[in-house]
Structures are given as C-alpha cells and as structure tokens.
Amino acid sequence: MDGCASDDFSDGAQRPSSEDERVYFVPYRWWKEAQESSPEDADEDRGISYTATSTSYGGPMKIINSIFYSDIDFNLRREEDYEQNDHAEEGVSGRDYALVPGEMWLQALKWHSDSKAAMKDGRTSLSAVDDIADVYPLQLRLSVIRETNSLAVKISKKDNAVELYKRACKIFSVESELVRIWDFSGQIDLFFVNDRNKFPKDGQRQSEEILLELQVYGLSDSMKCSEGRKNEMVVQQSKMAVSSCGSSLFINGSIGESGSLGLTGLQNLGNTCFMNSAIQCLAHTPKLVDYFLGDYSREINQDNPLGMDGELALAFGDLLRKLWAPGATPVAPRVFKSKLSHFAPQFSGFNQHDSQELLAFLLDGLHEDLNRVKFKPYIEAKDADGRPDGEVADEYWRNHRARNDSIIVDVCQGQYRSTLVCPVCKKVSVTFDPFMYLSLPLPSTTMRTMTVTILGTGGTTLPYPITVTVPKDGYCKDLIQALSNACSLRSDETLLVSEIYTNRILRYLEDPSDSLSLIRDDDRLVAYRLPKDLDSFPLVVFMHQRVEQYIYGKATNCMKSFGIPLVSRLCDVVNGSDIRELFLKLLNPFLIRNEGGLDAVGDSENNAKDEVTEMEDVTSLGSGGNPADEMGDGPLSDTEFQFYLTDGKCKVKDSKIEMNEPVPITRSSKWFFVLVSWPNDKIEFYDTCLLSSLPEVFKSSFIMRRPPESISLYACLEAFLKEEPLGPEDMWYCPGCKKHQQASKKLDLWRLPEILVIHLKRFSYSRFMKNKLETFVNFPIHDLDLSTYIAHNNSQLSKRYMLYAISNHYGGMGGGHYTAFVHHGGNQWYDFDDSHVFPVSEDKIKTSAAYVLFYRRVTDA
C-alpha cells in the first residue's frame, strides 16, 4: 500500500506515491534486529522517536475508545520535546513501533526470511512476526497542532474496514505501557515542515486534516499476547492456507506459508518462458537481490553511450521488487518485455528464444546502465615482455575496472588467461580477458561418428563399412587418419575418399584441409584403397547400368544406373580387352558361389577364365558383321558386358570400347570413366545387392539405441580448457612471422567471480543442420571445487561453489519449454514454471534439461 495522502498540500507538494516510497508500520524490535545485521546501514539513520500521548494530558496514551466508538485519537510528540524524557532503554517495550520506507522494509523482510531459512528448526526469538505475512492498510487522519508542536492522529471507523479498525484498536489498547513510534521514513517530520511552509504568517489558523494510508506489517490480533504465545501463534498460522503465485504451494502435505518471500511466478506473455527462466535465476542471485532492493537508482548511468539510458536497469529493478513482495500473485513482466524489445529487437515479438542469449544481453545491459564510470579512459594494452603472469594479469584487471565498474562486474565477472603459440616460430602471446560466464562444450559434442565404406582395388575383398569417431570441427585429414587406423592401412597404400551420389562419384575429398562440416549425415562415402607406387598411372572409374524392363508395371527398355563405382589404376593399357579384364577382376568378389564353392557362372572356375576368350570372339564378330549393334541392340548384347567411355556423368561418348582395338587413353590423363552396360543374364550371377549397398554417413535408425550418455561437469570444464588449434577461419596474426598462422590456443582460469554462471553448450549449429544434445551432465550441488582448475592460486578467496539456480530447457530445437530450479533456504528447492511455483526435492533437480547453472562462492570450512 502507498504511504500517501489522499489530498494535495495547498502549496502543491504531494505525498509520495511511488511504489518505492510506501510507508510501513512495523514492530520496532523486528526492524532493529534486521538493521543490526548491517552496521553500516544502522548508522545511517537512527530515526526520530515520537511518543503517543493522550489528547487530554501528557502521560502515557490512554485509549478509551472501543469498536463501538467512532474514532481513536492521540497525539505524537518528539521525545526531545517531551518533559519526562526518562524512558527505558530504546526498543525494550513491546509497544515500540517503526515507520520505514518501502525499500528498507523489503530489505529487512528478506533478511528475516533468509535468517529463518538458515535455521534448521525454523525458530528464532522473533520468528513470530517474521512468519506472519499479514499486511493490511490503515487510514490515519493527521493534522498539526502548532500550539503544542505535536501531530494529532485520528483513526476513524468510517475510513477503515471493520476488521481493520478492530486491529487498530488492539494495537493501541494497552493503557499501562508507553507507546513510541520511531520514524525512519521522515514522513512525520515532513508534515511539520509542510505545515510551516504553507502558512508562515498565519499562526492562528487551524490545521487541515490529511488522510494518510500506512501499510501495517507484522501486527495481528494477538500482538498483546506474551512472547510465548507469539511463538505458539506462529506454528498455528504457518499452517494456514494461503495463495502464492497463482497456485497453492504444497509442502509436506500441507499448503505453504505466504511469508516465504521470492516465491512469485511470472506470467507467460506468449513464448516468454525463456525470459521467465533467466529472470528467476537472476532474481534469486543473493547480492543482486540485495542491490536491487536497495537504493540502486543513484548508480544509474544515463550518460553511457553503451547503455540503455538506465531504463533496462530500472525495469529490471522494478520487476525484481515485485517478485519479492510478500503475498504477491504472478507478475506480468510486460514493462520489462517492452524495454527488452526496444533495446534488443532480436527479442521482440513472441517467438521462442535462447535463455542464455537473453542472459548474456541482460547482464551486459545491466552493467552498462549501472556503470559507475562516467568517462571511460583510453588505456593501451601493453605486452607482457617477459613479466610475471601475476603482474600482467593484475594490470589487465586494473585497466578493465578503470572502464567497467558496476555491481555486475563486482559479482559476476572473472578473468581467464589466453595463451597463443605460433606453430612456425613458436612465438607465445599471453593475454588476460574478463568473462561474464563460462560456455562449456559437452565432450561428446566435440566428436562425430561417421560411417564410410572401404573398397579395395585389387579384386580380392568385398566392400565393408567402418564407423570412426572424428572431431566435429575437424578436417578431411582427420577422417582419413581415423579410417587408415581402423582398416589397418599398409604403408604402401593410400585412401581416396569420395562422395557417391546417384551411383556416380560426385566429388573427391582430396584436400586435407576441407572441413568435415561440409559432409552431411545423409551423404554416402567410399574410401578406395589404392597402391602408393602407382600414383603416376591414371585412374579408371567403372560405373554400372542395366536395362529397366518394367517401370510402374509397364514394359520398357530404358537404361538405369546402379551400384557403387569401382576404381583401379591402369598400368599398361593395350586395348579394350585390358579394360574388360580389369573390370572382371574388380567384379570377382561379387560373384555368387554355389554350395560346392564354385562360381555360379559355370560348372567351375574355368567358365570365368574362358569368358575373356569367348568375349573376344563375339565382339570381333559383332563389330565386323553388324556395326549397328554398337549400343547393344544386336543379339549378342543381351549376353555380354558392353563398355563405353563417358564424361563421368554416365553420358555415353561417341565411341564404344572395342575388345581388340586400342583405347584412346594417355599416361598424362589423371582420370577416365567407363560406363558398363550389364546384360540381364549376368546380373543373376553377381551379388548386385551387395554391390549397391552403401550406408549413409550417419543414421540413428541403423544404430542400436544406447543408454543416455552421462558426463561430469568437470569433464566439460577440462574440454573447455584443453589446448586446441585455431580453425582456418580464426587464424592469428603472428607478430614474429608477420602473417596469419593457425596457432594453438589454451585457456586457463585466473580470477573467479562471486557468482559463477556456467552455460552448457547443448545447441549446435552447422551449415546444414541444427541439433540439441540431451547428454546428462552430472554437476555438483553443494561443492563445486575449482581449486585444481585455476592457474592463479595466490588468492585467499575460496574456490568452492554451491549451486543455487538452474535454467532448464525441455524439448528440441526451435521450440521446447524453459523452466527454472531455485534454491530457497535449507535444502528446499522450488520449480519456477512461468506463473506456477511448487517445491521440488533436491534429488530431482539433476536432469538432462539443465542448460545454465548458477553457482555462488562459499567460504572454506
């Protein structure tokens, strides 16, 4: 409720009406306990003490009104003006209250909530008022009595609901105890100041009544009970059914208490679950909560050209305060979404986005809006020049802080060391860069499984598939090396990897530096084993075609290509018979054997040997007697192989290869292509299914489903810190070589932040595909120990962290749903699913949906 007057002052001054300036009426002892936890805050303002006195005499206030009378009347006088100023020690009486501004009340409320959560039994000396989230408005009529320099207070039955008026009567109903009000808001004194300014010359006029609305917290019908009764009351009231976040919170079979701050959901405005998840994680980051519940507006930097005029920070701060208001219903973050869309158009509209991308923008935007540096100095980075790393790192950090100084840098930024080494001149470059979060690869995602068919060129072995694992961002040389090891390639052999498409060779993967990302999972690859000592001889590529007798049930004589191209070296080519003999040699492993082990072509292996002589006679007869039979229309074409020179695309050239005539091929030719037309009666003697069998590079349906992969967070960190070469597109300019080099890069953690944000790189993008990895990452909850991973161990700060929030993503690419798990004191975790908030056990928070992890530093035991 606003602590504001319903009428304007006559001089135009109005009572505060913004949410940050609400005035709360609370028990003084409750307020004092929270203040004493922060000595620097307690010394800022001790407050002004006012004593409530009867309207008829100056002793302790005596309320004679009851709920049957119309008003409660009393005066407030400053204790320094009160004659009998011999009161007991401040705050001892149970009738001491405090008036505090909204932001200070919210900070105290959070402190009590955190303190209670830290106690295993949940009971402290002041747990009663902490657990009672009984907040209600109380209307007071105020007027200044100038003759007595006091403030007349009237609580009228007509201004308040019956139940609220009853509560007010009980608050001020004890005659024997002194009632004092400690004003930390400055509101009471403001009435006196405005009254003097309004009529400086008219000392005889009578003050007008002003209606003030206070927010009463921590005071119930049972406040007159003893402390023992208070504690008993807490146990009973903590079991009351209350509404929280639009739905009931069930804890241990009962409904949760509304006094649990921060358990407020965010409404989904339309595919904004990604935003809600990230906000809930930040809204429960300890030091950020304390900062935004305080007076952060004084650090708004509206002159920063890199900032958002402070609007993003103000919108986020306002949203965070709403989330931490007691008894709040789910909040609709429309204002924040509007500001976000204005300054980051990529998040406009209502499409699904990445919570980590939003988090990165938000942290950077908050930093620039809250940067305490108004004018950034220009600082030129210096080379290390052999100086110790510690000295260089401190210099980089000082330079960074000279330009960047905000709560985000204080809490969320760390520093890592980057080392580059030139592979040629061995020049070493060391820099120290800040980081806001760590993006860790999942080790399984850095590798790729590829299946390639190995095919010999000697005519002795059948093709067989080999599956190898290669770096996902690797090169053709990595694939060739892995295949060479897997097939036990001899030292006198080499592999020619080719991509097959529509039964022909589409391209050769000859360049070792070609990226493997150019190979899709549905591509088909063949690796031909070739002798190294014959590299000077041309390669012949045999492609196959056959007559398609029926198409869609209709008779036809169309030619159709099939099978894997066969490849071999041509050493001494004399005529067409050499081509035919080489082809039959390559085809020999595909012959179908009968039960006796003999070839099905004839009664024995002699049939296959005699085929060469037979073919020579037939070809000779056919070519001499009937030239029109060249394309296979003669009677002999149905029983023998026909060979034609092609352009590599299965298009027949002008001449057919004749058996006894020279072939127009020279030693200078690197390739030449031969199209083989298969007669129908030959097809049944060869295993054409095996000849045509060519698996895809990767197809999950062909691979037996394995149990979900599990890796540790430490393994992800080690993969992030591992030395690796830069890619061709990221080459480094070496000052020693004076040109770009493919240097090796090594990262090391150097300075750790208070809040460590870890992003698990589940989403991968390439030229042809997008993918999400469902790998289960086993991350520590209570003790993430980074002491062995930090290169700089001289710091006295702890290297141990505790998990307090998780941003989860369920589903696949381009959609899915985001939620957040948040730790909320003790061992209790909560699941924030948009507007719904409910408890979740600690053993349920480790899932394969974990996407962004939030850790806070803990002190060493």
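Residues numbered from 1 in each chain as written. Predicted model: local features only at pLDDT ≥ 70, side-chain atom pairs only at ≥ 80, totals over all residues. Heavy atoms only, no water.

J.: Describe in detail the overall build of the chain, supporting the description with residues and values.
T.: If you tally the helices and strands in the chain, you get 20 helices and 38 strands. Long-range contacts, defined here as pairs at least 24 residues apart, represent 73% of the contacts in the chain between residues at least 6 apart. (Helix = DSSP H or I, 4+ residues; strand = E, 2+ residues; numbered from the N terminus. Contact = heavy atoms within 4.5 Å.)

J.: Could you give an account of the state of the cysteines, naming the residues involved and the relevant values?
T.: In this structure the tally under the stated criterion is 0 disulfides. Sulfur of cysteine 422: no disulfide; nearest cysteine sulfur belongs to cysteine 737 and is 3.6 Å away. Here cysteine 422 falls in the buried class, since its relative accessible area comes to 0%. (Disulfide = S-S within 2.5 Å. Buried < 20%, exposed > 50% of the residue type's maximum accessible area, 1.4 Å probe, protein only.)

J.: Outline the sheet that holds strand S3 (residues 71-78), supporting the account with residue identities and numerical values.
T.: Strand order in this closed barrel of 8 strands is S1-S4-S7-S2-S3-S6-S5-S8, and the pairing throughout is mixed. Within this sheet the neighbouring strands show an average axis-to-axis angle of 35 degrees, counted without direction. Running over the sheet, helix H1 (residues 28-36) touches strand S1 (23-27), strand S4 (96-101) and strand S7 (180-183) and is turned about 100 degrees from S1. (Pairing = 2+ DSSP bridges. Axes fitted to C-alpha atoms, helices over the stretch in contact; angles between N-to-C directions.)

J.: Would you mind going over the packing of helix H9 (residues 286-293) against helix H10 (residues 311-323) in detail, with residue names and values included?
T.: Geometry of a packed helix pair, given as the angle between the helix axes and the separation of the axes. One way to put it is that H9 packs onto H10 with a least axis distance of 9 Å and a crossing angle of 100 degrees. In terms of axis orientation, H9 runs roughly perpendicular to H10. Residues Val289, Phe292 and Leu293 of H9 lie in contact with H10, whose contacting residues are Ala313, Phe316, Gly317, Leu320 and Arg321. Here the residues of the contact of H9 with H10 are counted per class, giving 6 nonpolar, 1 polar and 1 charged. (Parallel < 35°, antiparallel > 145°, perpendicular 65-115°, else oblique. Nonpolar A, V, L, I, M, F, W, Y, C, P; charged D, E, K, R; others polar.)

J.: Just give me the short version of unusual backbone geometry, but keep the residues and values in it.
T.: Across the chain, the bulk of peptide bonds are trans and the bulk of non-glycine residues have phi less than zero. The backbone of aspartate 309 shows a phi angle near 60 degrees, a positive value even though the residue is not glycine. Within the secondary structure layout, aspartate 309 lies in the loop between H9 and H10. On the accessibility criterion, aspartate 309 (40% relative accessible area) is partly exposed. You will see that lysine 426, though not glycine, has its phi angle at about 65 degrees, which is positive. By the secondary structure assignment, lysine 426 is in the loop between strand S11 (414-421) and strand S12 (428-435).

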